[in-house]
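Chain by chain, the residues:
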Amino acid sequence: MEKLLSIIFIYILVDNFVLQRFFGICPFLGVSRKMETAMGMSMAVVFVMALATLVTWLFYTHVLVPLRLEYLQIVAFILVIASLVQLVETVLRKISPTLYQGLGIFLPLITTNCAVLAVALLAVQNEFTLVEAVVFGIAASIGFSIALIIMAGIRERLELAKVPGALQGTAVTLITAGILSLAFMGFRGMLSL
Amino acid sequence: MNGKLVLSSSPHIRTIESVRSVMVDVLVALFPVALVAVLLFGHQALVNMAIGVVTAMAVEAIWLRKLDLFGDGSAAVTGLLLAMTLPASAPWWLVVVGAAAAIIIGKQVFGGTGNNIFNPALVGRAILLASWGARLAGPVWPVPKPFNFGVDISAVTTATPLAGQAEALKVTLGQMFVGNVAGALGETSALALLIGGFWLLYKGHIDWRIPGGYIATVFIMGAVFGGGAYLNPLTTGLFHVLAGGVMLGAFFMATDMVTSPVTPAGKLVFGVGCGLFTMLVRLFGAYPEGVTFGILIMNALTPIIDNLTIPRKFGEVKKSA
């Protein structure tokens with residue numbers, strides 16, 4: 001239980017996937033323009049990451065390890081995640097076409113998103129149990145969502161700011177992301193597994 | 001107007017208050033703090049504060065390509081606040097780099113005064129902390145030599161009282177209240193900061209909710225989770241309020257009107273959040289002090305807090321989602 005709580009705390013704040021580990025920067029920059037799409041993306045990522053860690057963990061422990069095929073983990077994980085995302089995409093198109101439109105290219109991009117692959121690989125590398133792995137997946141994706149939502153809030157305000165012409169758009173977003181990362185530096189060393 | 005009827009379009013009610021007049025008030029409020037800093041740390045404090053102010057004003061004037069050095073006065077406040085978060089023994093170039101980074105990366109890239117997301121002075125400090133951490137961590141804080149103008153202050157340095165129980169017990173609460181402890185040059189004297197803070201409260205430039213929420217949260221968390229590290233829970237809480245930069249941050253940085261929420265409820269949430277993150281870093285983090293990080297994180301959350309705490313208009317019915 002204590003370990004689960006540490007995992008939650010660490011991967012939401014201390015080792016935040018976006019702001020400290022620098023995973024998943026492309027959706028972080030791409031979908032953070034509007035709060036609404038950021039929220040939708042966050043939910044999609046939480047869902048995909050939780051499911052991906054669950055499935056890849058089971059796949060690794062019950063298929064790859066018995067067959068001594070651990071060296072195939074990257075290929076296998078990518079395949080599993082890709083089919084999962086395809087599933088989410090199909091469901092989303094049916095349930096919420098507006099969100100599907102809003103996410104656009106970024107939903108298929110989750111397939112090859114380093115954040116999702118990292119969660120699957122790190123869960124195996126850290127030798128988490130099944131429960132720990134799923135909690136890790138959820139915590140990491142909540143950390144991602146928090147970064148994304150904070151960024152969306154800031155960018156909505158920056159729309160109204162008189163940002164110098166040369167820095168508008170991506171440039172000022174990256175600078176903001178850098179300062180955010182500096183602020184999250186304060187959590188360093190709070191807990192470790 | 002000679003008793004004649006004056007016709008004009010709105011607005012009809014004007015205030016004589018301007019960004020400049022507010023910033024001058026802030027500078028006045030910072031005067032007791034600066035004065036105590038000079039009395040405690042001597043000429044090096046004075047030199048560092050001057051370097052901070054001049055660099056910040058010069059960088060802003062160059063960026064805006066205006067000859068008016070003082071401008072709206074916000075650059076001077078930023079430069080002074082940045083210098084106040086550094087040790088009096090900091091080399092001149094550290095203050096210059098910090099002030100330039102504060103103005104350019106902290107403020108001007110977002111569009112200048114009124115558009116920045118983060119408190120500029122704290123952005124400058126965070127950049128210094130990440131780049132020259134060794135100069136701002138460990139036993140680098142000069143021990144004050146009251147009323148000894150001209151003595152080299154960097155000769156005797158020590159760790160901040162926040163570095164651990166051993167360091168904490170070396171100082172008394174009275175010492176910390178007056179400011180006679182090692183630390184950044186503007187953060188040590190709670191007395192001077194309170195005088196400045198109450199001046200700003202009296203002038204109506206800051207809202208009690210931010211410093212109130214901040215300091216109360218620090219006190220409560222210090223008392224509850226400080227484990228009585230400083231004699232007993234109550235004094236530990238008080239210790240956390242007086243030690244380090246909480247007072248300076250609560251009255252002069254968290255209250256920055258551009259980077260804090262505008263709604264009353266939002267201000268309270270903001271203050272409490274600052275205290276919460278500050279104490280998280282202090283109690284559990286690798287850094288001894290968390291004011292910089294606490295306020296920067298809450299600055300980032302400000303747009304969201306504002307959106308969530310919009311007061312209901314009179315007669316407005318809550319929309320059913």
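Preceding this section is the structure that the text describes.
Residues numbered from 1 in each chain as written. Chains lettered and ligands numbered in written order. Predicted model: local features only at pLDDT ≥ 70, side-chain atom pairs only at ≥ 80, totals over all residues. Heavy atoms only, no water.

1. Quick look at the overall build of chain B
A count of helices and strands for chain B gives 14 helices and 2 strands. In summary, chain B has a C-alpha radius of gyration of 20 Å against a globular reference of 20 Å for 321 residues, a match within 12%. Judged by the C-alpha coordinates and their principal axes, chain B covers about 70 × 55 × 40 Å. The burial tally for chain B puts 56% of its 321 residues in the buried class. (Helix = DSSP H or I, 4+ residues; strand = E, 2+ residues; numbered from the N terminus. Rg over C-alpha atoms; globule rule 2.2 N^0.38 Å. Buried < 20%, exposed > 50% of the residue type's maximum accessible area, 1.4 Å probe, protein only.)

2. Things to note about the nonpolar core
Formed by 165 residues in total, the largest nonpolar core has its most connected members in F17(A), M49(B), F118(B) and F252(B). Apart from residues no more than four positions distant in its own chain, F252(B) is found in contact with V26(B), A29(B), L30(B), L81(B), L193(B), G196(B), G197(B) and L200(B). Within the second largest apolar cluster, 6 residues are counted, among which are Y60(A), L64(A), A76(A) and V124(A). (Core = buried A, V, L, I, M, F, W, Y, C linked by side-chain atoms within 4.5 Å. Contact = heavy atoms within 4.5 Å.)

3. Some details on empty space enclosed by the protein
In this approach, a probe sized like a water molecule rolls over the atoms, and the result shows the empty space that is left. All names here are of chain B. For the structure shown, the criterion picks out 1 cavity of 30 Å³ or more. In this structure, the largest cavity occupies an estimated 30 Å³ of space. Looking at the lining of the largest cavity element by element, the count peaks at 3 residues for helix α14 (residues 291–308). Its residues placed into classes, the lining of the largest cavity shows 3 nonpolar, 4 polar and 1 charged. (1 Å grid on protein atoms, 1.4 Å probe; cavity = no way out; pocket = protein on both sides within 12 Å on 5 of 7 lines; lining within 4 Å. Points joined across faces, edges and corners; volume = space filled by probe spheres on them. Nonpolar A, V, L, I, M, F, W, Y, C, P; charged D, E, K, R; others polar.)

4. As for the packing of aromatic side chains
Residues and elements named next belong to chain A. Here the structure, examined in full by the defined rule, presents 13 aromatic pairs over all chains. Here the aromatic rings of Y11 and F136 are separated by 4.6 Å at their centres, their planes lie at 75°, and the arrangement is edge-to-face. You can see Y11 sitting in helix α1 (residues 2–14) and its partner F136 sitting in helix α8 (residues 130–158), a full 125 residues away along the chain. Given a relative accessible area of 4%, Y11 falls into the buried group. On the accessibility criterion, F136 (0% relative accessible area) is buried. Their ring planes at 65° and their centres at 5.0 Å tell us that F17 and F23 sit as a pair that is edge-to-face. By the ring-pair criterion, three or more aromatic residues cluster together here, those being Y11, F17, F23, F128 and F136. (Phe/Tyr/Trp six-rings, centres within 6.5 Å; stacked < 30°, edge-to-face > 60°.)

5. Some points on the layout of surface pockets
Residue and element names in this part refer to chain B. Taken as a whole, the largest pocket encloses approximately 420 Å³ of empty space. Along its surface, the largest pocket is lined by 24 residues, and M23, S74, D256, M257 and V258 are the ones closest to its centre. Breaking the lining of the largest pocket down by element, the ones donating at least two residues are α1 (19–41), α3 (74–84), α5 (120–131) and α12 (246–253). If you add up the space inside the second largest pocket, you get close to 280 Å³. Around the second largest pocket, the lining is made up of 23 residues, and of these R125, W141, E187, E289 and T292 lie nearest the centre. Listing elements by their share of the lining of the second largest pocket, those giving two or more residues are α5, α12 and α14. Along the lines of polarity and charge, the residues of the lining of the second largest pocket split into 13 nonpolar, 7 polar and 3 charged.

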